[in-house]
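Coordinates in review
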Amino acid sequence: MSDPAKVVPIKKGRRRPKRTAGPSEADELRQRVIELERQLADGRKTHREKGDEGLLVTLARLVASGAGGVSWASLARLQRAAYFAWHSEDTDDFGSDRRFAETLEPVLEFLYAVWWRVETSGIEHVPAQGRGLVVANHSGVLPYDGIMMQLAIRHEHPARRVCRMLALDMFALLPVLAPMLSKSGSVRANPANAERLLNRDELVGVFPEGVKGVGKRFKDRYQLARFGRGGFIRIALRTGSPIIPCAIVGAEEIHPVVAKADWVGRPFGLPYFPITPTFPMLGPLGVIPLPTKWSIDFGDPQDLSEYGPDDARDPILVNRLSQQVRETVQKMIDGRVARRRSVWFG
């Protein structure tokens with residue numbers, strides 16, 4: 001009988017202690033991560049610069065490459081360069097594009113300073129900071145008055161404030177005009193958009209006359225239409241915003257509406273089709289506005305702090321406050337028109 005197998009116990013070896021990074025190794029690792037992040041950021045910047053060489057450089061490269069260098073990729077680069085020559089990649093939540101606005105600025109500056117020679121008064125009534133609702137009369141067929149009011153506040157106000165205009169649906173939905181307005185800072189007119197901007201302590205411009213104002217006939221010039229149902233008062237009450245009345249004189253004559261052919265505009269979604277002495281008789285040339293002399297006057301702010309958000313539900317109060325603002329703007333318009341000696345020279 002064989003001897004039983006001997007069991008030899010195996011001694012457990014000692015565990016090797018885990019290697020921990022010392023202070024110097026941790027610092028080295030941290031510096032390495034920082035360096036990699038910097039290289040990544042530089043790589044993104046270089047890629048962006050190569051992609052945005054500019055329209056002329058991209059076009060020159062395409063021409064230099066000859067017919068053999070034309071491809072879908074090169075055409076895509078050319079299209080991208082052409083688009084971003086006057087657009088930026090960053091826009092706000094309403095679509096405002098700073099580079100697009102800067103591209104249009106020379107043309108708008110020409111209209112403001114040379115073509116219409118805009119004169120501004122009462123700019124000190126616009127608050128230097130915080131929320132405010134600028135309420136103005138509307139006219140001129142196209143929304144030139146809102147753009148000129150924006151420029152007046154930005155150029156003449158010491159704080160260089162930006163006023164976000166509420167654009168009518170007829171302008172905010174047109175194929176060409178709508179993107180131009182949104183990218184230049186205007187916002188589609190509705191209470192939700194207005195309250196969002198005011199709750200951010202921004203300055204907002206509104207035209208309570210709406211379509212009735214911008215499309216009024218020449219014989220009714222400088223006579224304010226009804227201020228809707230007081231929606232701007234409800235907005236001011238709910239957000240606790242002061243109201244700054246504003247009177248714009250000079251815009252009524254840039255496109256004198258002598259008649260309307262509404263049946264022409266309705267198939268295109270337009271509430272009216274204006275007929276002026278130059279349009280549609282002169283075709284595209286009839287769209288050029290006349291060089292009248294403009295004035296933009298800002299009145300004393302109307303503080304509504306004695307009321308609360310719940311007062312926006314009171315239709316009688318809303319109607320009374322709306323009528324007060326309308327009368328104030330009408331008096332400002334009448335005073336300016338009475339002092340004006342010439343439509344062309346002021």
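Residues numbered from 1 in each chain as written. Predicted model: local features only at pLDDT ≥ 70, side-chain atom pairs only at ≥ 80, totals over all residues. Heavy atoms only, no water.

Some details on the overall build of the chain
A tally of helices and strands in the chain yields 12 helices and 9 strands. The contacts in the chain between residues at least 6 apart in sequence include a share of 75% that link residues at least 24 apart. For the chain, the computed accessible surface area is about 20900 Å², with 58% contributed by carbon and sulfur atoms. (Helix = DSSP H or I, 4+ residues; strand = E, 2+ residues; numbered from the N terminus. Contact = heavy atoms within 4.5 Å. Areas by Shrake-Rupley, 256 points an atom, 1.4 Å probe, with all protein chains shown as cover.)

With respect to the sheet that holds strand E9 (residues 295–298)
Taking strand neighbours across the sheet as the criterion, the 7 strands line up as E1-E9-E6-E2-E5-E3-E4 in an open arrangement whose pairing is mixed. Where the open sheet ends on each side, the last strands, each with one partner, are strand E1 (119–121) and strand E4 (187–188). Here helix H5 (residues 144–156) sits on the sheet in contact with E1, strand E2 (132–136), strand E3 (163–167), strand E5 (203–206), strand E6 (243–249) and E9, set at roughly 170° to E3. (Pairing = 2+ DSSP bridges. Axes fitted to C-alpha atoms, helices over the stretch in contact; angles between N-to-C directions.)

Regarding the pattern of salt bridges
In the structure shown here, the tally under the stated rule is 14 salt bridges. The residue glutamate 209 makes a salt bridge to lysine 216 at a minimum N-O spacing of 3.3 Å. One salt bridge in this structure joins glutamate 253 and arginine 340, with 3.1 Å as the shortest N-O distance. With glutamate 253 in the loop between E6 and strand E7 (259–260) and arginine 340 in the segment after helix H12 (315–339), this residue pair connects regions lying 87 residues apart in the sequence. Arginine 340 matches glutamate 253 in its accessibility class, with the two residues each being buried. (Salt bridge = Lys/Arg side-chain N within 4 Å of Asp/Glu carboxyl O. Buried < 20%, exposed > 50% of the residue type's maximum accessible area, 1.4 Å probe, protein only.)

A short note on empty space enclosed by the protein
Under the definition given, this model contains 2 cavities of 30 Å³ or more. Among the residues making up the lining of the largest cavity, the classes are represented as 9 nonpolar, 3 polar and no charged. The residue inventory of the lining of the second largest cavity, partitioned by class, reads 5 nonpolar, 3 polar and 3 charged. (1 Å grid on protein atoms, 1.4 Å probe; cavity = no way out; pocket = protein on both sides within 12 Å on 5 of 7 lines; lining within 4 Å. Points joined across faces, edges and corners; volume = space filled by probe spheres on them. Nonpolar A, V, L, I, M, F, W, Y, C, P; charged D, E, K, R; others polar.)

Observations regarding the packing of aromatic side chains
If you walk through the whole model with that rule in mind, you get 5 aromatic pairs. Ring centres 4.5 Å apart and planes at 20° place the aromatic pair tryptophan 116 and tryptophan 294 in the stacked group. Of this pair, tryptophan 116 sits in the loop between helix H4 (98–115) and E1 while tryptophan 294 is found in the loop between strand E8 (274–275) and E9, placing the two residues 178 residues apart along the sequence. Residue classification places tryptophan 116 among the buried residues on the basis of a relative accessible area of 0%. Of the residues examined, tryptophan 294 reaches a relative accessible area of 0% and is grouped as buried. Between phenylalanine 227 and phenylalanine 232 the ring centres are 5.8 Å apart and the planes differ by 80°, which places this aromatic pair in the edge-to-face class. Classification of phenylalanine 232 by relative accessible area gives buried; the value is 5%. (Phe/Tyr/Trp six-rings, centres within 6.5 Å; stacked < 30°, edge-to-face > 60°.)

Remarks on the environment of valine 126
For valine 126, the location among the structural elements is in the loop between E1 and E2. When the C-alpha positions of valine 126 and isoleucine 244 are compared, they lie 6.8 Å apart, and in sequence the two are 118 residues distant. When near neighbours in sequence (up to four residues on either side) are disregarded, valine 126 contacts Ile153, His157, Leu203, Ile244 and Phe298.

Some words on a nonpolar patch on the surface
A cluster of nonpolar side chains, Met281, Leu282, Leu285 and Ile288, forms an exposed patch at the surface whose accessible area comes to about 450 Å². Secondary-structure assignment places methionine 281 in the loop between E8 and E9. (Patch = residues over 30% accessible without salt bridge, like charges linked within 9 Å, V, L, I, M, F, W, Y side chains within 5 Å.)

Let's talk about the pairing of E9
Burial of the side chains of E9 extends over both faces: Ser295 and Asp297 are buried on one face and Ile296 and Phe298 on the other. Pairing between E1 and E9: 3 bridges, direction parallel. Bridging from a neighbouring strand, threonine 120 pairs with isoleucine 296 of E9. Across 4 bridges, E6 lies against E9 in antiparallel orientation. Pairing of isoleucine 248 across the sheet is with isoleucine 296, part of E9.

Concerning the packing of helix H10 (residues 231–239) against H12
Relative to each other, H10 and H12 sit at 105°, their axes nearing to 9 Å. Taken together, the axis directions place H10 and H12 in an arrangement best described as roughly perpendicular. Residues Phe232, Ile233, Arg234 and Leu237 of H10 touch H12, and the partners they reach there are Val318, Leu321, Ser322 and Val325. (Parallel < 35°, antiparallel > 145°, perpendicular 65-115°, else oblique.)

Structural notes on H12
Residues spaced three or four apart along an α-helix face the same direction, because each turn holds 3.6 residues. Taking 1.5 Å of rise per residue, 25 residues should cover 36 Å, and H12 covers 36 Å from first to last C-alpha, within 8% of that figure. Those residues of H12 that fall on the buried side of the exposure criterion are Leu317, Val318, Leu321, Ser322, Val325, Val329, Gln330, Met332, Ile333 and Arg336. Lining the buried residues of H12 we find E1, E2, H10, E6 and E9. Looking at where H12 begins, the residue whose side-chain oxygen comes 3.2 Å from the main-chain nitrogen of isoleucine 316 is aspartate 314. (Expected span 1.5 Å × (residues − 1). Polar contact = N/O pair within 3.5 Å; in protein donor to acceptor, adjacent residues only side chain to side chain.)

Quick look at the layout of surface pockets
One water molecule sets the probe size; rolling that probe over the atoms shows where empty space is left. Taken as a whole, the largest pocket spans an internal volume of roughly 670 Å³. Surrounding the largest pocket, 25 residues form its lining, Leu142, Pro143, Leu174, Leu177 and Val287 being those nearest its centre. Elements with a minimum of two residues in the lining of the largest pocket: H4, H5 and helix H7 (177–183). Taken as a whole, the second largest pocket encloses approximately 520 Å³ of empty space. In terms of lining residues, the second largest pocket is bounded by 22 residues, among which Ser96, Ala101, Arg154, Val162 and Ser184 are the most central. Tallied by class, the residues present in the lining of the second largest pocket amount to 6 nonpolar, 6 polar and 10 charged.

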